[in-house]
Amino acid sequence: VEASIPEPQREAWTKHQVQGFTDKDGFEKEVVRHVETTLARSLYNCDEGAAYSAAALAFRDRLITNWNKTQQRQTFADSKRVYYLSLEFLMGRAMDNAMLNLGLKNVAKDGMQDLGFRIEDIIGQEHDAALGNGGLGRLAACFLDSLASLDYPAWGYGLRYRYGIFKQEIINGYQVEVPDYWLDFNPWEFPRHDVTVDIQFYGNVRKSQDENGKSVAHWEGGEIVTAVAYDVPIPGYATPSTNNLRLWSSKASSGEFDFQKFNNGDYESSVADQQRAETISAVLYPNDNLERGKELRLKQQYFWVAASLHDIVRRFKKSKRAWKEFPDQVAIQLNDTHPTLAIVELQRILVDKENLEWDEAWEIVTSTFGYTNHTVLPEALEKWSVGLFQHLLPRHLQIIYDINLFFLQSVEKKFPKDHDLLSRVSIIEESQVKMVRMAYLAIIGSHKVNGVAELHSDLIQTTIFRDFVTIFGADKFTNVTNGITPRRWLHQANPRLSELIASKTGGYDFLKDLTLLNQIEQYAGDKEFRKEWAEIKYANKVRLAKYIKSTLDVTVNPAALFDVQVKRIHEYKRQQLNIFGVIHRYLALKAMSPEERKKQLPRVSIFGGKAAPGYWMAKQIIHLINNVGAVVNNDPDIGDQLKVIFLEDYNVSKAEMIIPANDISEHISTAGTEASGTSNMKFVLNGGLIIGTCDGANIEITREVGQENIFLFGTLSEDVEDLRHQHNYSNHSIDSNLSKVFEAIQSGKFGEPNDFGAMISAVRDHGDYYLVSDDFESYLDTQKMVDTEYRNQDEWIAKCIRSVARMGFFSSDRCINEYAEGIWNVEPLVVKN
Ligand code: Z57
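Trainee: Before we go on, may I ask you to explain the overall build of the protein chain in this structure?
Mentor: When helices and strands are counted, the protein chain shows 34 helices and 24 strands. A compact globule built from 833 residues should have a C-alpha radius of gyration of about 28 Å, and the protein chain, at 28 Å, falls within 12% of that. Taken along its principal axes, the extent of the C-alpha atoms in the protein chain is 95 × 75 × 60 Å. Long-range pairs, those at least 24 residues apart, make up 77% of the contacts in the protein chain with a sequence separation of at least 6. Total accessible area on the protein chain stands at roughly 33,700 Å², and carbon and sulfur atoms take up 49% of it.

Trainee: Please explain the site of the ligand as it appears in this structure.
Mentor: Asp288, His374, Asn482, Glu674 and Gly677 are the nearest of the 15 residues found near the ligand. Take Asn482: an N or O atom from its side chain is 2.8 Å from an oxygen atom of the ligand. Within the complex, 97% of the 460 Å² of free accessible area of the ligand lies under protein.

Trainee: Would you explain the nonpolar core in this entry?
Mentor: Nonpolar side chains in soluble globular proteins tend to end up buried together. Within the largest apolar cluster, 228 residues are counted, with the highest numbers of intra-cluster contacts made by Phe201, Trp248, Trp533, Phe580 and Trp824. With 25 residues, the next largest nonpolar core counts Ala51, Ala56, Leu63 and Trp188 among its residues.

Trainee: Honestly, the pattern of salt bridges in this entry has me stumped. Any pointers?
Mentor: Side chains that differ in charge, positive against negative, can pair when their charged atoms come close. Inspection of every chain in the model, using the stated rule, returns 57 salt bridges. With its nearest N and O atoms 3.6 Å apart, the salt bridge here joins Arg41 to Asp47. Note that Asp663 is salt-bridged to Lys541, the shortest N-O span being 2.6 Å. Taken together, the positions of Asp663 in the loop between helix H26 (652-658) and strand E22 (664-667) and Lys541 in helix H22 (residues 527-552) put the pair 122 residues apart, joining distant regions of the chain. Of the two residues examined, Asp663 and Lys541, each falls in the buried class.

Trainee: So what exactly am I meant to see when it comes to the packing of helix H10 (residues 295-318) against helix H12 (residues 341-353) here?
Mentor: When two helices pack together, their arrangement is captured by the angle between the axes and the distance separating the axes. The geometry of H10 relative to H12 is characterised by a closest axis approach of 9 Å and an angle of 50° between their N-to-C directions. By the angle class used here, H10 and H12 are oblique. H10 and H12 meet at a crossing whose hand is right-handed. Of the residues in H12, those in contact with Leu298, Tyr302, Val305, Ala306, Leu309 and Val313 of H10 are Leu341, Ala342, Glu345, Leu346, Arg348 and Ile349.

Trainee: Just to check I follow, could you spell out the sheet that holds strand E14 (residues 383-385) for this structure?
Mentor: Backbone hydrogen bonds are what pair the strands of a sheet, in a parallel or an antiparallel way. Taken in spatial order, the three strands make up an open sheet running E14-E16-E15, and their pairing is antiparallel. Looking at strand neighbours, the two that pair on one side only are E14 and strand E15 (428-429), the edges of this open sheet. Note: E14 against strand E16 (residues 435-437), three bridges, orientation antiparallel. If you follow Trp384 over to E16, its bridge partner there is Val436.

Trainee: Would you take a moment to explain a negative patch on the surface for this structure?
Mentor: Judged by side-chain charge, Glu718, Asp719, Glu721 and Asp722 come together as a negatively charged surface patch. As for its placement among the helices and strands, Glu721 is situated in helix H29 (residues 717-729). Residue Glu721 is classed as exposed on the basis of its relative accessible area of 68%.

Trainee: Where do I start with the packing of aromatic side chains in this structure?
Mentor: The way to describe two aromatic rings as a pair is by their centre distance and the angle between their planes. Scanning all chains against the criterion turns up 32 aromatic pairs. In textbook terms, an aromatic cluster arises when at least three aromatic residues are bridged by ring pairs, as seen for Tyr83, Trp155, Tyr157 and Trp248. Taking NZ or CZ as reference, Arg703 lies 5.7 Å from the ring centre of Phe809, over its face. The residue whose ring lies beneath Arg724 is Tyr769, and the NZ or CZ to ring-centre distance is 3.6 Å.

Trainee: In this structure, what is going on with the confidence of the model for the protein chain? I would like to understand it.
Mentor: The predicted structure's coordinates, where accompanied by low pLDDT, should not be read in detail. Averaged over all residues, the pLDDT of the protein chain equals 97, while 99% of them reach at least 70. With a pTM of 0.98, the predicted complex shows an ipTM of 0.99.

Trainee: Whenever I open this one, the state of the cysteines confuses me. Can you help?
Mentor: A covalent bond between the sulfur atoms of two cysteines is what we call a disulfide. Evaluation of the coordinates by the stated rule reveals zero disulfides. No disulfide involves Cys142; its sulfur sits 9.4 Å from the nearest other cysteine sulfur, which is in Cys815. Judged by relative accessible area, which is 1%, Cys142 ranks as buried. Counting only cysteine sulfurs, Cys800 is the nearest neighbor of Cys694, a cysteine outside any disulfide, at a range of 20 Å.

Trainee: Explain helix H7 (residues 135-149) here, please?
Mentor: An α-helical segment advances 3.6 residues per turn. Residues three or four places apart therefore align on the same side. Across its 15 residues, H7 extends 21 Å between first and last C-alpha, which sits within 8% of the 21 Å expected from 1.5 Å per residue. Judged by how many residues are buried, H7 sits mostly within the fold: 14 of 15 residues are covered.

Trainee: Is there a simple way to explain the sheet that holds strand E23 (residues 689-692) in this structure?
Mentor: Within the open sheet, the six strands sit side by side as E21-E20-E19-E22-E23-E24. Their pairing is parallel. Single-partner strands in this sheet number two, and they are strand E21 (642-647) and strand E24 (711-712). Where strand E19 (residues 561-566) meets E22, two bridges bridge the pair, whose relative direction is parallel. Paired with Asp563 across the strands is Ile664, a residue of E22.

Here is what the cut-offs are and how they apply
Residues numbered from 1 in each chain as written. Predicted model: local features only at pLDDT ≥ 70, side-chain atom pairs only at ≥ 80, totals over all residues. Heavy atoms only, no water. Helix = DSSP H or I, 4+ residues; strand = E, 2+ residues; numbered from the N terminus. Rg over C-alpha atoms; globule rule 2.2 N^0.38 Å. Contact = heavy atoms within 4.5 Å. Areas by Shrake-Rupley, 256 points an atom, 1.4 Å probe, with all protein chains shown as cover. Near = heavy atom within 4 Å. Polar contact = N/O pair within 3.5 Å; in protein donor to acceptor, adjacent residues only side chain to side chain. Core = buried A, V, L, I, M, F, W, Y, C linked by side-chain atoms within 4.5 Å. Buried < 20%, exposed > 50% of the residue type's maximum accessible area, 1.4 Å probe, protein only. Salt bridge = Lys/Arg side-chain N within 4 Å of Asp/Glu carboxyl O. Axes fitted to C-alpha atoms, helices over the stretch in contact; angles between N-to-C directions. Parallel < 35°, antiparallel > 145°, perpendicular 65-115°, else oblique. Left-handed = near helix turned anticlockwise from the far one by under 90°. Pairing = 2+ DSSP bridges. Patch = residues over 30% accessible without salt bridge, like charges linked within 9 Å, V, L, I, M, F, W, Y side chains within 5 Å. Lys, Arg positive; Asp, Glu negative; His and termini not counted. Charge placed at Lys NZ, Arg CZ, Asp CG, Glu CD. Phe/Tyr/Trp six-rings, centres within 6.5 Å; stacked < 30°, edge-to-face > 60°. Lys NZ or Arg CZ within 6 Å of the ring centre and 35° of its normal. pLDDT = per-residue confidence, 0-100. Disulfide = S-S within 2.5 Å. Expected span 1.5 Å × (residues − 1).

Next up, the structure:
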């Protein structure tokens, strides 16, 4: 490896190498230095914001020392690297995580106290990095934590949105979206103004012949936008390994900022060009499990994919290896179909730029990529119109046509004369408006395709991708059940529970091997242990109750059962089933005598989550929840027996507070619709039980924790199709409990009934696609069982302990090791301190 500094001068560098602080004194010195120089403030004007900034800068410097070591080690070793391409990285806050992963939180806590601050207040100053919508983006963030913690040489590639997911405000019960401008002060990124890539759009393709008569394509004209790299260090837990998340930001290319116009005095329009370029990375699309086919979104995808591939290829070329070795050096994982253009772009680079033969290039491409599918919902499967492609990426469309041609020829050879099959698996959908089916392209261009939980992986192989299983064979398709990082979702979110577990398992090794949790199972019957467990749970509930009081001015009793459903609002996730159940409970309480009412188990129903701004029905669901809360919470007959809470602006840092306070959590999607779910894992790991359907990872959670420790109900996925059919072709009957709920809503008890007419008729008159009516009775029965079992606190806590003990499987470390072995073929690379 070449170094820019010649040997004789390196001594000075080695002598002055930055070591980074290791103790309280060193930390304080760095904080004061940053306050007084970087921030140009002093002890006379250092508020919590400034104290956070300085502490964050101190930790940033500390991370970068490890980051440099890691990058150097990776360059020297030149071993295979993993590239995780994701349009979303829902990172949340970085500082607490950095402190814990470095093992320096106590140092920071004591240091900040010396300087006059409480560490919790300082942590609370940080703005979430919210570059994602929900499960898919948070999964990518957990994966980065595991990749670094397990010492895998890995890079994340994404977009540096100027605006992350919007901030949700609730005004008069309605969701209002406010832009999330989060880059005012972000110490966690390093701008790399020297790492840029020019990206081309539009234009046209000219064909010529080379000296051997081979046809060569030239993509010409159009416009150029420049991608600038911003690097975010990703620290591993209890290892110096610190990986890189590279986010691309768009700006006008220096060639593009039209100096002609500028010199001619057309200043305004040259600035407008600049703005147009910056628009590409301006905003995260706020849809979860929904695709809307907007041109700017396709531009984002190509911009990010092309910049990332250019970077990866540039790094590979430094090693001077033969092209056929590319897949031995590079594994690229596609997080959903959003980066599928990477397949086409690599083929274009190899064929058009590097002059490889088509077949040789294609072999390299397919050996490099793996594709993860995250949904079977038809409205979420990406399709782009051929016309848009032709306009924006003319050369890529040609390559897609060629990929499709060769693929269909191979299918034809294997299954002669099955024309139906050919049209079913064609990348091009021959509809009125021709569409490019991105999932098909992703499958054809990858060597492995995986789903994210067992049921989901089975479903994709038997439904949406079944023809491809026939064509490629079953070995190409696999399952990797999702996981979560126990560092953030146990140690950071629930430090007291983590400490209790450590006290019984001989330290914090369980954070690196979560199966060690099984050692706490023996304490499920231990009175003293249960008491400590219950105290921690209660303290977590008190913390949430205080937050509810301060934000909503509603008093909730921490002794009540806390029932939580926080996740994106979607009809398939069925928050409507939950709120209908709450209304039923309210009506039942109202019908009781005061004495009888007092005997009921008090419950707090907690909701949270964002609706996509254009998703009208999801917004109505939020509205109904808030209206029900307004009535129930102010009804003097009800008091503590029932409270209904909608927590505004659910995000990662709020999840860290809410999840540890759960007694039960709801994961009640229509069977077969939730690919995996990951919050289900977080809730159980934090000592709660699940009420859920047989869907996604709930099924594997049941297998692990045991049937007796989970409240399952509802239709099974194999029965869904028949039920939907019945709803549409026979008179669909609604049971009396649900009818009474509808009547209560229609009587105007919860506000203007017309507001909720569509929500009711979706169930009653329009086929009840999500099977709310089918599952309502068993949902109520199961909630009744929850009430009964919660009364036996000793047994309840024992169940929670046993469940936590059996959750080892759901670490994202296990999940990443499965990808590394089964899909990427990469090995860890240990970095020495
Ligand atoms: C998203 O958050 C998920 C799937 C998608 O296709 C899109 Br787009 C966004 C979620 C699934 O809904 C969850 O079930 C899953 O746990 C998560 O992705 C991670 O795999």
